[in-house]
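# Analysis of the macromolecular model
Single-letter residue listing:
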Protein chains: 4
Amino acid sequence: MTESSPGTTLDDAIPTDSLDDPTAAPAPTGVPPSQHHGYVQDKDAYLKRLRRIEGQVRGIHRMVDEDTYCIDVLTQISAITKALQAVSLGLLEDHLGHCVVHAAQESDEAGAAKVREASAAIARLVRS
Amino acid sequence: MTESSPGTTLDDAIPTDSLDDPTAAPAPTGVPPSQHHGYVQDKDAYLKRLRRIEGQVRGIHRMVDEDTYCIDVLTQISAITKALQAVSLGLLEDHLGHCVVHAAQESDEAGAAKVREASAAIARLVRS
Amino acid sequence: MTESSPGTTLDDAIPTDSLDDPTAAPAPTGVPPSQHHGYVQDKDAYLKRLRRIEGQVRGIHRMVDEDTYCIDVLTQISAITKALQAVSLGLLEDHLGHCVVHAAQESDEAGAAKVREASAAIARLVRS
Amino acid sequence: MTESSPGTTLDDAIPTDSLDDPTAAPAPTGVPPSQHHGYVQDKDAYLKRLRRIEGQVRGIHRMVDEDTYCIDVLTQISAITKALQAVSLGLLEDHLGHCVVHAAQESDEAGAAKVREASAAIARLVRS
């Protein structure tokens, strides 16, 4: 998938019609369509946001290095945390909308497994 | 429960088995799939936990009324917040595993709508 | 602060022995000021808010009991968590403004001890 | 007090009167003691931690670029959020222990102003 052209979208890499192919191995955990990462379509936007966050962290490093007033540093860190949270919530929505939905459509078991996994990620997100 | 509860609307409105072929294999849990709220099976446990949380809030009221040391009150509030969070995460996992999975199995559109709704709830949870 | 010399330390601003001066205007509850819990002056407001939160938790119990839709229950829990958080932040500000400030005015050691304690409470609050 | 107290660390490290002594090694920003940012003494440790966090953000950028599985990306983001939170809590404790304590020792008004400012920062931190 990574080698594909930049314009690659979901359906290019792995033919979705394999889903309807009765001879295809059923995929409870078994790869293809349900393994498409939800964020693939928004990848450029995510990369841009992460680059910006990286710059914000570098900015805080500079603030501390220049003895910026504590409270101003804290304000900036809160802004970064919010930005990271927004990325997480975006990735999670994409994940639910793609990986979890596709798994549910494959089988109850595959859906249940993905839900368990997603729920653990949500718990980590809520507690972080 | 559904027969007697006056608050019930959902299970009345849409007979769940009409959604599926009645000859189809039953859902893993043997309950009508898409319309049960995820938490129904754990309802008693949730009610017990909520009753306990209510008691904890009453306990904080008493602590403040008796001029308990601020830090001890804060510690108790943190404990309640964690308990509420655990209830939320449980309800959410049940919701994803039932409502969202079943919606995804009904149609892509139904799945997408439930995912949007769940994602908004997750965002509220993360930000609260 | 502005009038004081830059080197001003503890004992200049507020003579600590005024705390023990029997002719000084008595503190509202007649206990040494540094022992006043910060929230004492807002106690009625806190009690009212806690009573309302207790009612909100009872409301969630009822919602679950009546099989209310999961997402609506989650929304209500998020509201309670926010309300509890607001109480915590209020108590904490009162605590810093009274207990911590008074401890700092008593001695560096007393101030440092209160800061350590408050910081641990803040960490619990942030992580809950 | 600061000269004799065994628990004192700050004033040992940076003698307050050296600040006004033109021949003394200048304090980083050359400001009065109460204006010293709490984190100055741990500055190198903070800089190191921030550099590591910056690397972690870059790592997430790479993960997304290489189409890493969503859940694994989320786990890494949660780790970064926790690391940033730990930096915030550290800075805050340093701030309370230095800026707020010193302000309280200067005057009630100075203390109250710093407490208000710190409380607003804590609220942002809790809500981020």
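Numbering of residues begins from 1 in every chain and follows the order in which that chain's sequence is written. Working convention: letters from A go to chains and numbers from 1 go to ligands, in the order in which they are written. It should be noted that, the model being predicted, local features are given only for residues of pLDDT at least 70 and side-chain atom pairs only at 80 or more, the latter also being counted only at that level, while totals for whole chains, interfaces and linings use all residues.

## Digging into the overall build of chain A
What counts here: In this text, helices come from DSSP runs of H or I with a minimum length of four residues, and strands from runs of E with a minimum of two, each type numbered from the N-terminal end. Think of it as a crowd count around each C-beta: if 20 or more other C-beta atoms lie within 10 Å the residue is buried, if 12 or fewer it is exposed, and in between it is partly exposed, with C-beta placed from the backbone throughout. The contact criterion used here is simple: two residues whose C-beta atoms, placed from the backbone, lie within 7 Å are in contact.
Looking only at helices and strands, chain A has four helices and zero strands in total. Reading the helices (α) and strands (β) of chain A from amino to carboxyl end gives α-α-α-α. Split into buried and exposed, the 128 residues of chain A put 36% on the buried side. Across chain A, the fraction of contacts at a sequence separation of at least 24, relative to all contacts at a separation of at least 6, is 51%.

## Describing the relation of the copies chain A and chain B
Our working rule: Only residues with pLDDT of at least 70 in both copies contribute their C-alpha atoms to the least-squares superposition of the copies.
Least-squares fitting of chain A to chain B yields an RMSD of 0.0 Å, with the transformation described by 0.0 Å of translation along the axis and a rotation of 180°. A rotation of that kind, with that shift, is consistent with a two-fold axis. When the interface residues of chain A are mapped onto chain B, 95% of them again lie at the interface, so the same face is used by both copies.

## Regarding the relation of the copies chain C and chain B
Mapping chain C onto chain B calls for a screw motion: a turn of 180° about the axis and a shift of 0.0 Å along it, with 0.0 Å RMSD after fitting. Taken together, the interface assignments show that 98% of the residues at the interface of chain C recur at the interface of chain B, consistent with an identical surface on both copies.

## Looking at the packing of helix α3 (residues 70–106) of chain A against helix α3 (residues 70–106) of chain B
Defined as follows: Here an angle of 0 to 180 degrees is reported between the N-to-C directions of two axes, which are lines fitted to C-alpha atoms, with helices fitted over the stretch in contact. Roughly parallel means an angle under 35 degrees; roughly antiparallel means over 145; roughly perpendicular covers 65 to 115; every other angle is labelled oblique. The sense of a crossing depends on the near helix, which, turned anticlockwise from the far helix by less than a right angle, makes the crossing left-handed and, turned clockwise, makes it right-handed. Ten residues, namely Ala, Val, Leu, Ile, Met, Phe, Trp, Tyr, Cys and Pro, are considered nonpolar, four, namely Asp, Glu, Lys and Arg, are considered charged, and the remaining ones, Gly among them, are considered polar.
Two elements in contact, α3(A) and α3(B), have axes separated by 8 Å at closest approach and are oriented at 70°. The angle between α3(A) and α3(B) falls in the class roughly perpendicular. Of the two possible hands of crossing, α3(A) and α3(B) adopt the one that is right-handed. Contacts between α3(A) and α3(B) involve A:Val101, A:Ala104 and A:Gln105 on the former and, on the latter, B:Val101, B:Ala104 and B:Gln105. Split by residue class, the contact of α3(A) with α3(B) holds four nonpolar, two polar and no charged.

## A few points about helix α3 (residues 70–106) of chain D
Quick reminder of the rule: By definition here, a helix of n residues has an expected span of 1.5 Å times n minus one. In this analysis the local bend is the angle between axes fitted, respectively, to the seven residues ending at and the seven residues starting at the residue.
Look at α3(D): 52 Å from first C-alpha to last across 37 residues, which is about the 54 Å you get at 1.5 Å a residue. Largest kink in α3(D): about 35°, centred on D:His95.

## Notes on the interface of chain C and chain B
The interface is formed by 44 residues belonging to chain C together with 47 residues belonging to chain B. Among the secondary structure elements, those contributing two or more residues to the side of chain C that touches chain B are α2 (43–65), α3 (70–106) and α4 (108–127) of chain C. Top contributing element to the side of chain C that touches chain B by residue count: α3(C), with 19 residues. The class makeup of the residues in the side of chain C that touches chain B is 23 nonpolar, ten polar and eleven charged.

## Considerations on the interface of chain A and chain B
On the chain B side, the residues contacting the 19 residues of chain A number 20 residues. Those elements giving two or more residues to the side of chain A that touches chain B turn out to be α3 and α4 (108–127) of chain A. For the side of chain A that touches chain B, a count of residues per class yields twelve nonpolar, five polar and two charged.

## Focus: α2(C)
Across its 23 residues, α2(C) extends 33 Å between first and last C-alpha, which sits within 8% of the 33 Å expected from 1.5 Å per residue. Of the positions making up α2(C), those classed as buried are C:Tyr46, C:Leu50, C:Ile53, C:Glu54, C:Val57, C:Ile60 and C:Val64. Contact partners of the buried residues in α2(C): α2 (43–65) of chain B together with α3 of chain C. Positive phi appears at C:Asp67, one or two residues downstream of α2(C), with a value of about 60°.

## Quick word on the confidence of the model for chain A
Residues and elements named next belong to chain A. Stated formally: Within a predicted model, pLDDT stands for the predictor's per-residue confidence, ranging from 0 to 100.
Overall, the predicted model of chain A reaches an average pLDDT of 79, with 71% of residues at or above 70. Across chain A, helix α2 (residues 43–65) holds the top mean pLDDT of 97, while helix α1 (residues 10–13) sits lowest at 32. Throughout residues 1–35 the model reports pLDDT below 50, and contacts reaching past four residues in sequence, or to other chains, amount to 34 contacts. Model confidence for the complex is summarised by a pTM of 0.74, with the ipTM given as 0.72.

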